[in-house]
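Summary of the model geometry
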Amino acid sequence: MTDRFVLLAGLLILSILGFMTLGAEGSWSFLLPFRGAKLAALMLVGCCLATATVLFQTITGNRILTPSVMGFDALYVLVLTALVFGLGAAGYAALPGPLLFSLNMGVMTGAGLLLFALLMRGGRGDMVRLVLTGIVLGLLIRALTTFLQRMIDPSEFQTIQSASFARFTFVDRRLLAATALAALPALALAWRMRFRLDVLALGTEAATGLGEPPRRGQRQALVLICVLVAAATALAGPVSTGFAGPSSFFGLVVVSLAHLVTPSPRHAVLLPSAALIACIVLIGGQTVMERLLHLATPLPVVIELLGGLLFLFLLLRKAHG
Amino acid sequence: MIEVKGVSHDMRGQAILRDVSLSLPRGGVTALIGPNGAGKSTLLSLIARLQRLQRGRITVDDLTVGACADRDLARLLAIMPQSSAISARLRVGELVGMGRYPWHGGRPGAADHAAVEAALAQFDLTGLRHRFLDEISGGQRQRALVAMACAQGTDYLLLDEPLNNLDIAASRQLMALLRHMARDQGKSIVIVLHDINYAAGFADRVIALAGGRIVADGPPAEVITPGLLRGVFDTDARISVIDGRPVVVV
Ligand SMILES: Nc1ncnc2c1ncn2[C@@H]1O[C@H](COP(=O)(O)OP(=O)(O)OP(=O)(O)O)[C@@H](O)[C@H]1O
Ligand SMILES: [Mg+2]
């Protein structure tokens, strides 16, 4: 296992080096802080989404559904749309950055908890029902978003569109700091839960018998998931192709890879492994696509394509037992 | 001592347990028998707080179920439920190791490793410890689950149909082991059994449950009678006495 982690760490360092140095033109005093901020944002987003996905899969007892497949980041677009709808594009633009950030975090955490409460009623253990409930809820959110957008003036619509794409090209420092302030404690708490998560993963009865009744742990994990995804989404926009498009499979890809590269039931292994892989995919992917291949295709599109295939594969394999 | 006082339980408006009271002193093997749907599993899961208690009161030593800290109860009482769906993909050794969680909270020490080794050896699982749960037979899986409950090292052990899927040798071995744990280590074991002959052969006390009520309670020789088979199980099997022990001729 250690050698796998050494390998992952090596890949990450390589990605970071490539990201920081390749295609560097101009003065370093400008490039270093510019690319550094971008790097920090990518790592933060990667860790948040990977951790949120692991937590989510553990407490729902499934390996197919993720917060994003459920349309959690579509929720972000919904909040955005609702704001533009309510305030108008001018009113929206006038909102101060920190207020917008806290508003987004607050609404997404609240709505997320509500969404998960609905989902958990669908019944843990009943895989098909769980996945279906999740997908239908995701569709509902997207449909509601589209509905609101139809009623918005086309020019104001532009505002939403530009704000809801994954924005890894430009990183607002203050936003980065605010996100870190919310995300780092949540990441630390998730790490502290690692042994309890191992027990929760056994299932309701076994966990209760071992003195770890799932309800409390599930609630705590849910709050962490909401904060993590909200933070990542507020910082970068949905990592999906954006705009009411297909849901994001980023978390799914990363956690499936983690299960593959470091197979272990222990969250002390799974959490760091998934976070490392997430950072490698984001940073390495960005470097290869932009700086080496000079492709115009944004990274999310590629992740989306591969992730969609993986999702289908997992679903079909599950259906065949 | 496990004390159950006036416990009633309803599900979907149907009475599952009706005013059940019983007390199980420390030490000994108690067999819980009764027809399908009698409420045996429900009773065990209420004692082990797997289901929320609706009416009545259950205490285990000085702990009140439902009010005490979950970890304290997990160090005093272990349960193996009837259908243990383990959702994580674990190896046998890892599963048995999870039984120690109430003691080490995730950081196993030397004593924990020793307890796991002992449980693996006792249940003939040492050779299977690196196999995944979905790569072993039903009986082997059943043994792993019982081993996990034993590794928890509690004074009270509740086992819901542990003989499911076990062959005759493994069944007898398990029952002998339980009796040994009760006699020599002072453990209190409650075990749900369908094969009445195992209850007669290994239990110190037999409690029969039917329709959510306790209908018989006492030493095997007194409880296991043709009257019980007819009245409670509605079947006409003969009982003959061999070596002073009732044996159901099926
Ligand atoms: N989740 C549930 N919802 C509604 N009724 C239930 C539920 N679980 C069990 N029951 C009912 O409660 C009664 C007692 O069930 P229980 O599982 O305690 O029986 P049991 O004595 O363990 O039976 P068996 O020998 O078949 O395991 C049964 O009539 C059953 O139909
Ligand atoms: Mg039962």
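A brief report on the enclosed structure follows.

So, how was this worked out
Residues numbered from 1 in each chain as written. Chains lettered and ligands numbered in written order. Predicted model: local features only at pLDDT ≥ 70, side-chain atom pairs only at ≥ 80, totals over all residues. Heavy atoms only, no water. Helix = DSSP H or I, 4+ residues; strand = E, 2+ residues; numbered from the N terminus. Rg over C-alpha atoms; globule rule 2.2 N^0.38 Å. Buried < 20%, exposed > 50% of the residue type's maximum accessible area, 1.4 Å probe, protein only. Contact = heavy atoms within 4.5 Å. Areas by Shrake-Rupley, 256 points an atom, 1.4 Å probe, with all protein chains shown as cover. Near = heavy atom within 4 Å. Polar contact = N/O pair within 3.5 Å; in protein donor to acceptor, adjacent residues only side chain to side chain. Nonpolar A, V, L, I, M, F, W, Y, C, P; charged D, E, K, R; others polar. Pairing = 2+ DSSP bridges. Phe/Tyr/Trp six-rings, centres within 6.5 Å; stacked < 30°, edge-to-face > 60°. Lys NZ or Arg CZ within 6 Å of the ring centre and 35° of its normal. Core = buried A, V, L, I, M, F, W, Y, C linked by side-chain atoms within 4.5 Å. 1 Å grid on protein atoms, 1.4 Å probe; cavity = no way out; pocket = protein on both sides within 12 Å on 5 of 7 lines; lining within 4 Å. Points joined across faces, edges and corners; volume = space filled by probe spheres on them. Axes fitted to C-alpha atoms, helices over the stretch in contact; angles between N-to-C directions. Buried area = accessible area lost by both parts, 1.4 Å probe. Salt bridge = Lys/Arg side-chain N within 4 Å of Asp/Glu carboxyl O. Donors = N, O, S within 2.8 Å, 3.2 Å for Na, K, Ca; no water.

What follows deals with the overall build of chain B. Along chain B, the regular secondary structure elements total 10 helices and 12 strands. For 250 residues, the compact-globule estimate of 2.2 N^0.38 gives 18 Å, and the C-alpha radius of gyration of chain B, at 18 Å, lies within 12% of that figure. With the C-alpha coordinates aligned to their principal axes, the bounding extent of chain B is approximately 50 × 40 × 35 Å. Burial statistics for chain B: of 250 residues in total, 53% are counted as buried. Taking the intrachain contacts of chain B between residues at least 6 apart in sequence as the baseline, contacts between residues at least 24 apart amount to 63%. In the form shown here, chain B has an accessible surface area of approximately 11200 Å², with 48% of it arising from carbon and sulfur atoms.

Another point: the overall build of chain A. If you tally the helices and strands in chain A, you get 13 helices and 0 strands. When its helices and strands are written in sequence order, chain A yields α-α-α-α-α-α-α-α-α-α-α-α-α. Residues counted as buried form 55% of the 321 residues belonging to chain A. Of the contacts formed within chain A by residues at least 6 apart in sequence, a portion of 79% connects residues at least 24 apart. In the form shown here, chain A has an accessible surface area of approximately 14000 Å², with 71% of it arising from carbon and sulfur atoms.

A separate point is the site of ligand 1. All names here are of chain B. The immediate surroundings of ligand 1 are formed by 14 residues, with Gly37, Gly39, Lys40, Ser41 and Thr42 found nearest. One nitrogen or oxygen atom from the side chain of Arg12 is found 3.4 Å from a nitrogen atom belonging to ligand 1. Among the elements that take part in the shell around ligand 1, helix H1 (residues 40-47) stands out by supplying 3 residues, more than any other. Here the residues of the shell around ligand 1 are counted per class, giving 4 nonpolar, 7 polar and 3 charged.

What follows covers the sheet that holds strand E4 (residues 55-60) of chain B. Sheet strands pair via backbone hydrogen bonds, and the direction of the pair is either parallel or antiparallel. Strands sit in the order E2-E1-E4-E5 (chain B) across an open sheet of 4 strands; the sheet is antiparallel. The sheet terminates laterally at strand E2 (14-24) and strand E5 (63-64) of chain B, the two strands that pair on one side only.

Moving on, we come to the environment of A:Ile277. All names here are of chain A. Topologically, Ile277 is positioned in helix H12 (residues 267-292). On the basis of relative accessibility, which here comes to 5%, the residue Ile277 falls in the buried class. Spatially, the C-alpha atom of Ile277 lies 21 Å from that of Leu312, the residues being 35 residues apart in sequence. The contacts of Ile277, once residues within four sequence positions are left out, are Leu8, Val254, Leu257, Ala258 and Val261.

Glancing now at the packing of aromatic side chains. Ring pairs (aromatic) are described by centroid distance and by the angle formed between their planes. All names here are of chain B. Per the counting criterion, the structure on display carries 1 aromatic pair over all chains. On the basis of an interplanar angle of 15° and a centroid distance of 6.3 Å, the ring pair of Tyr198 and Phe202 is categorised as stacked. Of this pair, Tyr198 and Phe202 both sit in helix H8 (residues 196-202), separated by 4 residues, roughly a single helical turn. Sitting over the face of the ring of Tyr101, Arg71 holds its NZ or CZ atom 5.5 Å from the ring centroid. Here the basic side chain of Arg89 rests over the ring of Phe132, its NZ or CZ set 3.9 Å away from the ring centre.

Next up on the list: the nonpolar core. Core analysis: the largest hydrophobic core is formed by 159 residues, its most contacted members being A:Phe116, A:Ile225, B:Leu157, B:Leu159 and B:Leu178. Considering every element that reaches this core, the biggest residue donor is helix H2 (residues 28-60) of chain A, with 15 residues. With near-sequence residues (within four places) excluded, A:Ile225 lies in contact with A:Ala52, A:Leu55, A:Phe56, A:Ile59, A:Pro67 and A:Phe116. In this structure, B:Val7, B:Val65, B:Ile79 and B:Val190 belong to the second largest nonpolar core, which totals 30 residues.

Okay, the layout of surface pockets next. Within this model, the second largest pocket holds a volume of roughly 1300 Å³. If you go around the second largest pocket, you meet 39 residues; those closest to its centre are A:Arg63, A:His259, B:Ser87, B:Ala88 and B:Arg89. Within the residue set of the lining of the second largest pocket, elements represented by two or more residues are H2, helix H11 (250-261), H12 and helix H13 (299-319) of chain A. If you tally residues by element for the lining of the second largest pocket, the top one is H11(A), at 6 residues. A breakdown of the residues in the lining of the second largest pocket according to their chemical character gives 20 nonpolar, 10 polar and 9 charged.

In this section: the sheet that holds strand E3 (residues 28-33) of chain B. Residue and element names in this part refer to chain B. The 6 strands lie next to each other as E6-E7-E8-E3-E9-E10, forming an open sheet whose pairing is mixed. Each edge of the open sheet carries a strand with a single partner, namely strand E6 (77-80) and strand E10 (213-218). Here the strands of the sheet are splayed against their neighbours by 15° on average, with no regard to which way each runs. Pairing of E6 with strand E7 (residues 156-160), which is carried by 4 bridges, proceeds in the parallel orientation. Residue pairing for E7: Met80 is matched across the bridge by Leu159. In this fold helix H6 (residues 138-151) packs onto E6 and E7, with an angle of close to 170° to the strand it touches most, E6.

What follows covers the interface of chain B and chain A. Chain B puts 25 residues into the contact, and the matching count from chain A is 19 residues. When residues of chain B are sorted by the area they lose upon contact with chain A, B:Asp70, B:Met98 and B:Tyr101 head the list and together hold 28% of the total. Where chain B touches chain A, the interface holds 1 salt bridge. The partner of A:Arg216 in a salt bridge is B:Asp70, and the shortest N-O contact between them spans 3.7 Å. Along the contact surface separating chain B from chain A lie 3 residue pairs in polar contact (both at pLDDT 80 or more). Of all elements in the fold, only helix H2 (70-76), E6, helix H3 (92-98) and helix H4 (101-104) of chain B reach the threshold of two or more residues within the side of chain B that touches chain A. Sort the elements by how many residues they give to the side of chain B that touches chain A and H2(B) lands first, with 3 residues. A class-by-class count of the residues in the side of chain B that touches chain A yields 13 nonpolar, 6 polar and 6 charged.

All names here are of chain B. Surrounding the magnesium ion (ligand 2) are the protein donor atoms Ser41 (OG) and Gln82 (OE1), which sit 1.9 to 2.1 Å from the metal. With Ser41 in helix H1 and Gln82 in the loop between E6 and H3, the pair connects residues that are 41 residues apart, well separated along the chain. Classification of Ser41 as partly exposed rests on a relative accessible area of 25%.

This paragraph deals with the pattern of salt bridges. Residues and elements named next belong to chain B. What the rule picks out here adds up to 13 salt bridges over all chains. Where Asp112 meets Arg100, a salt bridge forms, and the shortest distance between an N and an O atom there is 3.0 Å. On the criterion of sequence distance, the pair formed by Asp112 in helix H5 (residues 110-122) and Arg100 in the loop between H3 and H4 is long-range, its members being 12 residues apart. The class of Asp112 is buried, set by a relative accessible area of 9%. Judged by its relative accessible area of 10%, Arg100 falls in the buried class.

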